[in-house]
Amino acid sequence: MTSESTVFLNGEFLPLADAKISVLDRGFLFADGIYEVIPAYQGQLFRLQQHLDRLNNSLSAIRMSPVMSDQQWIDVLTKLVEPHAQTDQSVYVQVTRGASSHRDHSLPDDPTPTIFAMCQTIVVDNLNTLAKGISAITLDDIRWDWCHIKSIALLGNILLKQQASDQQCTEAILLRDGFATEGSASNLFIVKNGQLITPPKSHYLLPGITRDLILELAIEEGIDCVEREISEQQLYDADEIWLTSSTKEIMPVTELNEQAINNAQPGEIWHKVSSRYRQFKQQFRQNND
Ligand code: PDD
């Protein structure tokens, strides 16, 4: 992104350098807001309705009303990605409870939300790079108990991810009361004896859009899928481990806590589902040509 890049702020499209908000914005003072990250392939927003539904669920969970209709969001986000139709973008959307006249923990009676969106180029790893797999460590989940909300308060997530980076690992897989829930910025799947397992949706994990799509595609592929809690031991005993997100898609974990998973190779089921996911994306691009 450059200072010239067009962003959306409170009803206006303007250069990034001119997009300014108040220092009294509750997003800045209290991390009082929510966000979304939506991929756009060649100018077409992927799984847009699912992202908008989750955005509105997050708003409702923090006691905010929808700030725009779905059609208004579609118009804004489409306009934002249109100039970048030659590339793949990730669209970042943030809504905060806006600025009050003074700093006060109590919720304002009649807030004027701050609505911001921007896009940046994403380069999704190609199959060969992805097939090398990533390394991860397990860490206790130090975050709050409302992880189903896509809150902009990401200090827990970023400090956990940094602990993984400090150990030359890509991701941290988080544990709560002896169960693995998700990654610091991704959802978790394991494969055991041919069965694909992911933790059920709960307050301890983000209901990932990629997670849901993978379940849909894996079922279509005839893979036995189950939403079930994954104990720490089951994680270590897994045949395959994957971490998923809109921007990273399906990352095979080939090393966990310095131990090789599946002889440090992505597994058979990963190959199957990953290529189905790519095919689905390809069809999406073609249908929207
Ligand atoms: N994060 N869990 C957490 C904690 C996440 O931050 C994310 C994605 C996911 C996967 O959700 P989805 O499949 O809808 O992208 C799960 C985004 C990409 C981010 O914060 O940039």
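In this text, all values refer to a predicted model and were calculated from it rather than measured experimentally.

Enquirer: So what about the pairing of strand β5 (residues 88–96)? Which residues, and what values?
Expert: With respect to burial, β5 is a largely interior element, eight of its nine residues being buried. Bridge analysis of strand β3 (residues 33–41) against β5 gives nine bridges, and the strand direction is antiparallel. Looking across to β5, one finds that Val37 is bridged to Tyr92.

Enquirer: Describe the environment of Gln50, and please don't skip the residues or the numbers.
Expert: Mapped onto the elements of the fold, Gln50 is located in helix α2 (residues 48–61). Linking Gln50 and Lys79, residues 29 residues apart in sequence, is a C-alpha distance of 19 Å.

Enquirer: Quick one: what's the story with helix α6 (residues 209–220), residue by residue and with numbers?
Expert: Count 3.6 residues to each turn of an α-helix, and residues three or four apart come out pointing the same way. Its 12 residues give α6 an end-to-end C-alpha distance of 17 Å, which sits within 8% of 16 Å, the value for a rise of 1.5 Å per residue. A positive backbone phi angle near 80 degrees is found at Gly222, which sits one or two residues after α6.

Enquirer: Now, about unusual backbone geometry: what can you tell me, with residues and values included?
Expert: Phi at Asp177 is positive, roughly 50 degrees, even though this residue is not glycine. Checked against the element boundaries, Asp177 lands in the loop between β8 (171–176) and β9 (179–183). On the basis of relative accessibility, which here comes to 72%, the residue Asp177 falls in the exposed class. The backbone of Ala264 shows a phi angle near 65 degrees, a positive value even though the residue is not glycine. With respect to the helices, strands and loops of the structure, Ala264 is situated in the loop between β16 (259–260) and α8 (268–287). On the accessibility criterion, Ala264 (36% relative accessible area) is partly exposed.

Enquirer: Would you mind going over the pattern of salt bridges in detail, with residue names and values included?
Expert: Pairing between side chains becomes possible if they bear opposite charge and their charged atoms approach one another. With the rule as written, the count across this model stands at 17 salt bridges. Here Asp32 ties to Arg97 by a salt bridge, and the two come within 2.8 Å at their closest N and O atoms. Placement of Asp32 in the loop between α1 (26–30) and β3 and of Arg97 in the loop between β5 and β6 (114–121) is noted, with a sequence separation of 65 residues between them. With its nearest N and O atoms 2.8 Å apart, the salt bridge here joins Glu182 to Arg143. Linking Glu182 in strand β9 with Arg143 in the loop between β7 (134–140) and α5 (155–166), this pair joins segments that are 39 residues apart in sequence. Glu182 gets classed as buried once you look at its relative accessible area, which sits at 3%. A single network of salt bridges, built from pairs that share partners, joins Asp141, Arg143, Asp145, Arg176 and Glu182.

What counts, and at which threshold
- Position labels on residues start from 1 in each chain and follow its written sequence.
- Under the rules for a predicted model, residues below a pLDDT of 70 receive no local features and side-chain atom pairs below 80 are neither given nor counted, while totals for whole chains, interfaces and linings still include all residues.
- For side-chain calculations, the full set of non-hydrogen atoms in the structure is used, while hydrogens and water are omitted.
- Working definition: with a 1.4 Å probe on protein chains only, accessible area under 20% of the residue-type maximum means buried, over 50% means exposed, and in between means partly exposed.
- Going along the chain from the N terminus, every DSSP run of H or I of four or more residues is numbered as a helix, and every run of E of two or more is numbered as a strand.
- Strands were regarded as paired on the criterion that DSSP finds at least two bridges between them.
- The span you would expect from a helix comes to 1.5 Å times its residue count less one.
- What makes a salt bridge here is a side-chain nitrogen of Lys or Arg within 4 Å of a carboxyl oxygen of Asp or Glu, nothing more.

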